[in-house]
Structure formats: C-alpha cells, structure tokens
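Listed here are the chains, written in short residue letters.
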Amino acid sequence: MHTARLHKWLISGPPLAYLLIFFAIPTLIMVVASFRDPGPYGGLAPLFTGEPGAAGVALTTDNYARFFTSFVYTGLFAKSLLYALITTAGCLLTAYPLALLIARSPKSQRDLLVLLVILPFWSNFLIRVYAWVIILGPQSVFVGAFNWAIGLAGLEPVRLLYTPAAVVIGLVYVHLPFMVLPLYANLEKHDPALLDAAQDLGAGAWQRFWRVTFPLSLPGVYAGAALVFIPAFGIFAIPDILGGTSGAMIGTVIKQQFLDSRDWPFGSVLSMVLTVVAVALAAVAAWFARRSRL
Amino acid sequence: MKRSAWLAAAAVAGYVFLYAPLAIVVAYSFNDSTMNAQWVGFTLDWYRKLFRNQDMLVAARNSLVIGLTASAVATALGTMAGYAMYRWRLRLLPLLVLAPIAIPEILMGVSLLLFFVMINLTLGMLSITLAHVAFCIGFVAIVVRARLAGLDESLVEAARDLGATPWQAFRLVTLPLIMPGVVAGALMAFTLSIDDFVITFFTAGPDSRTLPLAIYTMVKITVTPEVNAVSTLLMLLTLVLILVASRLSPGAMRGR
C-alpha cells in the first residue's frame, strides 16, 4: 500500500508541479496584479510598502473602478461581445449545411469529409488570417470584382481590409471547424426513421427540418456556439491583423496595455473581466446544453 | 431531391470557403510579381529569397529548437499526467491539465509574462520553451489518456502474475501498447509549439524570434510574397506531421 502511494506521487507529481508553477501561480499573480498600482515606469509598483503605520501591502480596487466607470472599455467589451455573437451566427449558418451533408453521406465517406473540415484548421493560425489580408486587400482582384458588382447597383466602392467586417470574416473562417464538429456529432446520431415518419404525416422538407432536425440538433448548436463564441470573444491576433483601428477588440487592448502602454494592473483587470465573462458564458452554454437534452 | 441538391451546393460552398484562402496563398507563392494581385507568371524566386533571408532562417531554427525541446518535455510530463488520470481518481491534476486548453490563450500569455518578469527570468528561448511545455502537456495527456482507455488491463495483470515489478510491467507491457498514443501526442505537441503565436508573442524577448513571430512582423509591416512561400512550406510540414500522426494513432487527431 505504501509503495502504491509512492507510485502515485512519483507519476502524478512532476506534471502537477509543472502546471502549478507555470500555470496556477502565474494566474494567481495576474489576479493579484489587477489589485496593484502601476509602477512609475510601467510594470507594477512594489507590493510591500515600507511606510511606517501603513498596512504594509499596497492593494487597490482603483483599476476595477477605472474599468467600470469608463465607457471606452465597457464599450469595447460590448463591441467584442457583438463581434463574437455575429461570428457565432455566421459560423452556424456556414457550418449547418456542411454538418448536415456529412451526417447524411454514406458512412464510408464521413470520416474523409470530417477530415477535410479539420485539415485547414491544422495549418498555421497566422497563415489562415494572413490569407484574408490578400483576399480583402486593396490590390485584390476579389475586392475589385466585389466593388464592380456593387457599382452596378449604384453603390460607392468600399474598403474591406482593416474594417470590422474583415475581423468578422476572419473570425468565422478560423472558428468554423469548432461549429461543424459538434453539429456533425449530433446530427449523425439522428434516427432517419423520424424524418420518414414526419414525411408520412405530410410534413414538407422545410417543416421536417424546422420541426424535427433542428430542434433535435440544439445540443450540438449550443456546444458549437460555446466553442466558437468563447475563443472569438478573447481573440487578439485577428483584430490586430485584419481590424486596423476601427476593428479593435478586447484582446487587442489587453496586448496594448501589457506591451505598449505597459499598464500591467489595468491589463490584468481587462484579462480578469475577460476570464470571468468567458467562464460565465461557458457555464451558461453547459446549462443550455444540459437542459435541451432533457 | 431538390432539397438535397441545395444542401450539397451549400456544403460545397462551405468547403470552397475553407480551402480557397489557403490555395490562394500557395498560388501567389509562385507568382512572379511583388504584388498579391494579378497572375504574372510562374517563379521560384520567392523561395530562393526566403532561403537567403537570414532573419527567417534564424527564426526557423529557433522554432525548431523550441519545438523539439518543448515537445520532448511535454510528452514526458503529459504521458505521466495521462497515465495518472487513467490510473487514479485525482481532482487537482485533471483541472490543471484541462484549464490551459479551455481558457483564452491570451490570458496564459500575459500571466506568464507577469510571472517571468517577477522571477527575473530574461525573456527568450527558455521562457518560450517553458510556456510551450505548459500548454502542450494537456494535449499529450488527453491523447495518452484516450489510448489507455482502450488498453486491455488483463495484460498488465498477467505480467504482474508472472513476477514483473510494477515498473517492469509498465515499461515492457503498458508503454509499448500506448506508444502510438505517445508518439501522436508528441507530434501534436511539436505542431502546436511550431504554430503557436499568441503565447510566444508575450513570452519572447527581442533576440528570440520564432517563425510565427517573423511571419507576424512581415504581415504587419511589409507584405511580400515571401510570406506566401514560408506559409506554403509550413503548411506542407504540418500536413506531413498530420499524416504521420494519423497513421500512428487513428482517431487521435479528432477535435484538435
């Protein structure tokens, strides 16, 4: 028995220690940093003050007060939420036909079709974003064709790169597989007999979809929505590369706080709020998914 | 019938949406023009230029060194974590293994930046490697754990009955059986490390540029078709790694 305990510690100990040091402790440092004063030259002010009679530990809620009283930053959160929401809707619309087609393909082809959805996802993230710099760029033949087309409708040519629209397109592109996979996993399990029954009872194709397939797929929709929404909300590289100044999101500003203006306590506050919102959203999604399964 | 044709068309459009951007990057890497616009003619100049670009070569070497080191350490620790999670009912370890995968990447980047500065570790190759190990452990652990779930426990018991010590039973029976999972996990860790941008961005110093950081600078400052060439090569590398990994452990590459 004694050696069994020893084995357990020998095997689980090293990874546990590593993750405590390089994940748990840094996270706690960030939590504490969000309650500290910024240093005079960036970074952090000393945590322990030498002033006689003072409490000895300099902690403040000023950073949080600054966040919640500033329309700039709360507005930025609202904007990021909105972008993430549009992205989720865009992913759902694009992913549903794909997932449905894969689920209704012959069994032998399904694995290949799923693999084809995942494959681009394994190529470098930056490359997938960069591709849209080419496609949406000012010299792009695609933008040229697009502007020619809307010109026929009497509209002024538009710029696409470095706009919120470019950010949302990039977000949808990068997160699409996260929506396809849970949707497919759900749709694949549907009993085709249900659709036959609905047809026998006189339901048209559209009715069969909206009253049988779609309600049954809701757990997959919620799971996919959570997998898209949460990372899209906190993303930094996509608005940074495709967004320009008008397309900034919360992740872009966290980066600015840490690397450009070097206000680490405030950057930590933004990160904390981002974490809390992300965890809360994950909990809501889990709750919805469980409820819809009952 | 009409509906299924409509569905197929929408799904084909979905696949085009997924692949066209990557195809465009590959195509322009062979275009004989400094602009990513009109097709002028076929050239390999951008690849030649790339192989003479000293910054890029240094960045590629850094990425390789970090990727090999980080994936080796993460594979060892991740295999231990995966085995521990399979063998015993643990509370803290599964949480610490899964949390880095679940939270937004940027949080891990900034908290590690704070941590490294606090312990006075100069940002560079070491800090990047330590950070990469931290986020790779979880992925290795999940793959190894999944492989262990399919293990026939009676084989280990038989070895023990025949007088093997627990260590011998692990090394001679369990480890060879889960080896495909371990190798797949290692390849996954290597791919994730080579590809990582966000966490590297926050934990890198001025003299430790990796390939994604070099690409980022090129994309942000000067977009030349060299980016297309390096992107194409990276895609090719990833594709080869996936093919090897999926040969070794079918099903392990699902989901991520």
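Model, not experiment: these values are computed from the prediction. (Residues numbered from 1 in each chain as written. Chains lettered and ligands numbered in written order. Predicted model: local features only at pLDDT ≥ 70, side-chain atom pairs only at ≥ 80, totals over all residues.)

A look at the overall build of chain A
Part 1: What chain A contains, in helices and strands, is 13 helices and zero strands.
Part 2: Written out in order from the N terminus, the α and β elements of chain A read α-α-α-α-α-α-α-α-α-α-α-α-α.
Part 3: Its C-alpha radius of gyration of 25 Å places chain A more than 25% over the 19 Å reference for a compact globule of 294 residues.
Part 4: By its C-alpha atoms, chain A is 85 × 75 × 35 Å across when sized along the principal axes.
Part 5: Taking all 294 residues of chain A together, 41% fall into the buried category. (Helix = DSSP H or I, 4+ residues; strand = E, 2+ residues; numbered from the N terminus. Rg over C-alpha atoms; globule rule 2.2 N^0.38 Å. Buried ≥ 20, exposed ≤ 12 C-beta atoms within 10 Å, placed from the backbone.)

Some remarks on the overall build of chain B
Part 1: A count of helical and extended segments in chain B gives 11 helices and zero strands.
Part 2: Listing every helix and strand of chain B by position from the N terminus yields α-α-α-α-α-α-α-α-α-α-α.
Part 3: Dimensions along the principal axes, computed over C-alpha positions, put chain B at roughly 70 × 65 × 30 Å.
Part 4: Taking all 256 residues of chain B together, 47% fall into the buried category.
Part 5: Contacts in chain B between residues at least 24 apart in sequence constitute 77% of all its contacts with a sequence separation of at least 6. (Contact = placed C-beta atoms within 7 Å.)

Observations concerning the interface of chain A and chain B
Part 1: Taken together, the 62 residues of chain A in the interface contact 66 residues of chain B.
Part 2: In terms of residue count, helix α1 (residues 2-33) of chain A provides more of the side of chain A that touches chain B than any other element does, 19 residues in total.
Part 3: Its residues assigned to classes, the side of chain A that touches chain B shows 46 nonpolar, 14 polar and two charged. (Nonpolar A, V, L, I, M, F, W, Y, C, P; charged D, E, K, R; others polar.)

A few points about the environment of A:K255
Residue and element names in this part refer to chain A.
Part 1: Here K255 shows up in helix α12 (residues 250-260).
Part 2: Considering only alpha carbons, one finds K255 and V141, 114 residues apart in sequence, at a separation of 33 Å.
Part 3: Ignoring sequence-local partners within four residues, the contact set of K255 consists of F236 and D240.

A word on unusual backbone geometry
Residue and element names in this part refer to chain A.
Part 1: Notably, Y162 is not glycine yet its phi reads approximately 65°, a positive angle.
Part 2: Along the chain, the position of Y162 falls in the loop between α6 (141-152) and α7 (164-187).
Part 3: Of note, the phi angle at R262 is positive, near 50°, even though the residue is not glycine.
Part 4: Of note, R262 is situated in the loop between α12 and α13 (264-293).
Part 5: What makes R262 partly exposed here is the crowd of 16 C-beta atoms within 10 Å.

As for the confidence of the model for chain B
All names here are of chain B.
Part 1: Overall, the predicted model of chain B reaches an average pLDDT of 86, with 96% of residues at or above 70.
Part 2: The weakest mean pLDDT in chain B belongs to helix α11 (residues 225-248) at 83; the strongest belongs to helix α9 (residues 198-203) at 93.
Part 3: A low-confidence stretch, residues 252-256 stays under pLDDT 50, and its non-local contacts, those more than four residues away or across chains, total 10 contacts.
Part 4: We note a pTM of 0.85 for the whole complex and an ipTM of 0.86 for its interfaces. (pLDDT = per-residue confidence, 0-100.)

Focus: the environment of B:V117
Residue and element names in this part refer to chain B.
Part 1: With respect to the element layout, V117 can be found in helix α5 (residues 105-118).
Part 2: Overall, V117 belongs to the partly exposed group, with 16 C-beta atoms counted inside 10 Å.
Part 3: Between the C-alpha atom of V117 and that of Y216, which follows or precedes it by 99 residues, the distance is 24 Å.

Points about the nonpolar core
Part 1: Counting residues in hydrophobic clusters, the biggest one holds 152 residues, and the most contacted among them are A:A99, A:W132, A:V180, B:C136, B:I137, B:V140 and B:A189.
Part 2: Top contributing element to this core by residue count: α7(A), with 15 residues. (Core = buried A, V, L, I, M, F, W, Y, C linked by C-beta atoms within 7 Å.)

Quick notes on the environment of A:T3
Part 1: As for its position among the elements, A:T3 is in helix α1.
Part 2: For the pair formed by A:T3 and A:S261, sequence separation is 258 residues and the distance between their alpha carbons is 54 Å.

Quick notes on α7(A)
All names here are of chain A.
Part 1: Helix length check: α7, at 24 residues, gives a terminal C-alpha distance of 32 Å against a target of 34 Å (1.5 Å per residue), a fit within 8%.
Part 2: Most pronounced at H175, the bend in α7 amounts to some 50°, and the proline P177 follows within four residues.
Part 3: By the criterion of burial, α7 is predominantly enclosed, with 20 of the 24 residues buried. (Expected span 1.5 Å × (residues − 1). Bend = angle between axes of the 7 residues up to and from the residue.)

A short note on the packing of helix α8 (residues 166-195) of chain B against α11(B)
All names here are of chain B.
Part 1: Across the interface, α8 lies against α11 with an axial gap of 8 Å and an inter-helix angle of 165°. Regarding the angle of α8 to α11, the classification is roughly antiparallel. Helix-helix and strand crossings are classified by hand; for α8 and α11 the assignment is left-handed. Across the interface between the two elements, P180, V183, A184, L187, M188, F190 and T191 of α8 pack against T238, L241, V244, A245 and L248 of α11.
Part 2: Split by residue class, the contact of α8 with α11 holds 10 nonpolar, two polar and no charged. (Axes fitted to C-alpha atoms, helices over the stretch in contact; angles between N-to-C directions. Parallel < 35°, antiparallel > 145°, perpendicular 65-115°, else oblique. Left-handed = near helix turned anticlockwise from the far one by under 90°.)

Here's the deal with the packing of α12(A) against α5(B)
Part 1: It is at 11 Å that the axes of α12(A) and α5(B) come closest, and there the two elements cross at 10°. Viewed along their axes, α12(A) and α5(B) adopt a mutual orientation that is roughly parallel. Of the residues in α5(B), those in contact with A:G251, A:I254 and A:F258 of α12(A) are B:I106, B:V110 and B:L113.
Part 2: Broken down by class, the residue content of the contact of α12(A) with α5(B) amounts to five nonpolar, one polar and no charged.

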